[in-house]
Amino acid sequence: MSAIFSKNENNDVFLFDGNEKIGKKIYISGKGRCNITNSKEIYEFFDEINRNKNFLYSSLYSYTNEDILKFFDEYGLKTKVERGGRVFPLSDKSSDVIKALEKALNVKGVKIILNTEIEDVKLIGDKFQLVCNKDYGLFDKVVFATGGKSYPFTGSRGKGHEILKN
Ligand SMILES: Cc1cc2nc3c(=O)[nH]c(=O)nc-3n(C[C@H](O)[C@H](O)[C@H](O)COP(=O)(O)OP(=O)(O)OC[C@H]3O[C@@H](n4cnc5c(N)ncnc54)[C@H](O)[C@@H]3O)c2cc1C
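Treat the numbers as computed from the prediction; the structure is a model and nothing was measured.

K.L.:
I keep staring at the pairing of strand β6 (residues 120-124) and nothing clicks. Help me out?
P.N.:
Each regular strand carries side chains that alternate between the two faces of the sheet. Judged from the five bridges that link them, β6 and strand β7 (residues 127-131) form a sheet pairing that is antiparallel. In the sheet register, L123 faces β7, and the bridge partner there is F128. As consecutive antiparallel partners, β6 and β7 are separated by two residues, and within that stretch G125 has a phi angle of approximately 65 degrees, a positive value.

K.L.:
Just to check I follow, could you spell out the sheet that holds strand β8 (residues 138-139) for this structure?
P.N.:
Each strand in a sheet pairs with another by means of backbone hydrogen bonds, the pair being arranged parallel or else antiparallel. The antiparallel open sheet is built from three strands, whose spatial order is β6-β7-β8. Taken across any chain shown, the strands that pair with only one partner, and hence form the sheet edges, are β6 and β8.

K.L.:
What's the story with the site of the ligand in this structure? I'm lost.
P.N.:
Of all residues adjacent to the ligand, which total 18 residues, the nearest are D17, K25, G30, N35 and I118. At a separation of 2.9 Å, an oxygen atom of the ligand approaches a polar side-chain atom of S156. Summarising the interface, the protein chains cover 68% of the accessible area of the ligand, which totals 1000 Å² for the free molecule. Class assignment for the residues of the shell around the ligand results in three nonpolar, eleven polar and four charged.

K.L.:
Whenever I open this one, the pairing of strand β4 (residues 86-89) confuses me. Can you help?
P.N.:
Summarising the sheet, strand β2 (residues 37-38) and β4 pair through two bridges and their orientation is antiparallel. Looking at the pairing, T37 lines up with V87 of β4. As judged from the three bridges shared by strand β3 (residues 79-81) and β4, these two strands associate in the antiparallel manner. Bridge assignment links T79 to a residue of β4, and that residue is P89.

K.L.:
Got a minute to help me understand the packing of aromatic side chains in this structure?
P.N.:
Aromatic ring pairs: the centre-centre distance and the angle between the two ring planes describe each pair. Counted by the stated rule, this structure contains 13 aromatic pairs. With centroids separated by 5.9 Å and ring planes inclined at 40 degrees, the aromatic side chains of F5 and F71 adopt a geometry described as tilted. With F5 in helix α1 (residues 2-6) and F71 in helix α5 (residues 65-74), this residue pair connects regions lying 66 residues apart in the sequence. Taking the centre distance of 5.6 Å and the plane angle of 35 degrees together, the rings of F46 and Y57 count as tilted. Of the two residues, F46 sits in the loop between α3 (42-45) and α4 (54-62) while Y57 sits in helix α4, which places them eleven residues apart along the sequence. On the accessibility criterion, Y57 (48% relative accessible area) is partly exposed. Feature note: the residues F5, Y63, F71, F72 and Y75 constitute an aromatic cluster, connected by ring pairs. Stacked on the ring of Y27, the Lys or Arg K21 has its end atom at 5.9 Å from the ring centre. Between K111 and the ring centre of F14, over which it is positioned, the NZ or CZ distance is 5.4 Å.

K.L.:
Can you walk me through the side chain of K7 in this structure?
P.N.:
As for its position among the elements, K7 is in the loop between α1 and β1 (14-16). One buried charged residue, K7, remains without a salt bridge, the closest side chain of opposite sign being D12 at 5.0 Å. Looking at K7, its side chain comes within polar contact range of the main-chain oxygen of N11, at 2.6 Å. With near-sequence residues (within four places) excluded, K7 lies in contact with V13, K108, G109 and V110.

K.L.:
Could you clarify how one ought to interpret the sheet that holds β2 in this entry?
P.N.:
Judged by pairing direction, the sheet is antiparallel, and its three strands sit side by side in the order β2-β4-β3 without closing on themselves. Where the open sheet ends on each side, the last strands, each with one partner, are β2 and β3.

K.L.:
It is not clear to me how the layout of surface pockets should be interpreted in this structure. Could you clarify?
P.N.:
Rolled over the atoms, a probe sized like a water molecule indicates the empty space that remains. In this structure, the second largest pocket occupies an estimated 330 Å³ of space. In terms of lining residues, the second largest pocket is bounded by 13 residues, among which I36, T37, F45, L60 and I68 are the most central. When the residues that make up the lining of the second largest pocket are grouped by side-chain class, the tally is seven nonpolar, five polar and one charged.

Definitions and cut-offs
- Residues numbered from 1 in each chain as written.
- Predicted model: local features only at pLDDT ≥ 70, side-chain atom pairs only at ≥ 80, totals over all residues.
- Heavy atoms only, no water.
- Pairing = 2+ DSSP bridges.
- Helix = DSSP H or I, 4+ residues; strand = E, 2+ residues; numbered from the N terminus.
- Near = heavy atom within 4 Å.
- Polar contact = N/O pair within 3.5 Å; in protein donor to acceptor, adjacent residues only side chain to side chain.
- Areas by Shrake-Rupley, 256 points an atom, 1.4 Å probe, with all protein chains shown as cover.
- Nonpolar A, V, L, I, M, F, W, Y, C, P; charged D, E, K, R; others polar.
- Phe/Tyr/Trp six-rings, centres within 6.5 Å; stacked < 30°, edge-to-face > 60°.
- Buried < 20%, exposed > 50% of the residue type's maximum accessible area, 1.4 Å probe, protein only.
- Lys NZ or Arg CZ within 6 Å of the ring centre and 35° of its normal.
- Lys, Arg positive; Asp, Glu negative; His and termini not counted.
- Salt bridge = Lys/Arg side-chain N within 4 Å of Asp/Glu carboxyl O.
- Contact = heavy atoms within 4.5 Å.
- 1 Å grid on protein atoms, 1.4 Å probe; cavity = no way out; pocket = protein on both sides within 12 Å on 5 of 7 lines; lining within 4 Å.
- Points joined across faces, edges and corners; volume = space filled by probe spheres on them.

Structure follows, in structure tokens:
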């Protein structure tokens, strides 16, 4: 999502992933069905958050459940609402969520670079250099979207946290 929304007509955006494909964690989410969002009113979401509700306030109101469903509809994903307002792909396949994201990345023109683990990020002047298996030159900005460490076999093994700490 970060790569998709970073791309505009005037920039180049690269999405690097150490895995051989994108969205491996999404694939196992919702027991393989991916519970995308909930159809409740956005203010009701806060009743489900245990601690520090305010932290999520701007995120949830700047990009709502309706926005995410509109986004997926635009990229061909049909959805359905189940018990408790839970929204799933109509097909019950999380892989269709990944396909829609892949389509959005391709339509926007994001360059997807797979099998490329980022080992470190170096600041060269005011630009960033990625340390990985190939030289991709210098970048103006780097977004870390390296995930949490749960289910490391999906690709998030904590490297991103280490790099940020350094
Ligand atoms: C079992 C399970 C079920 C879930 N069910 C749901 C659900 O139904 N609905 C829901 O909304 N959420 C669900 N979640 C949570 C959801 O999957 C995560 O919140 C979401 O995937 C987080 O996305 P992310 O992009 O932040 O991180 P991730 O999905 O972890 O993606 C991070 C990516 O970064 C890559 N990466 C990491 N480090 C590097 C590096 N150094 N170099 C290159 N690439 C790197 C990884 O390979 C990975 O592809 C579930 C999670 C689990 C584990």
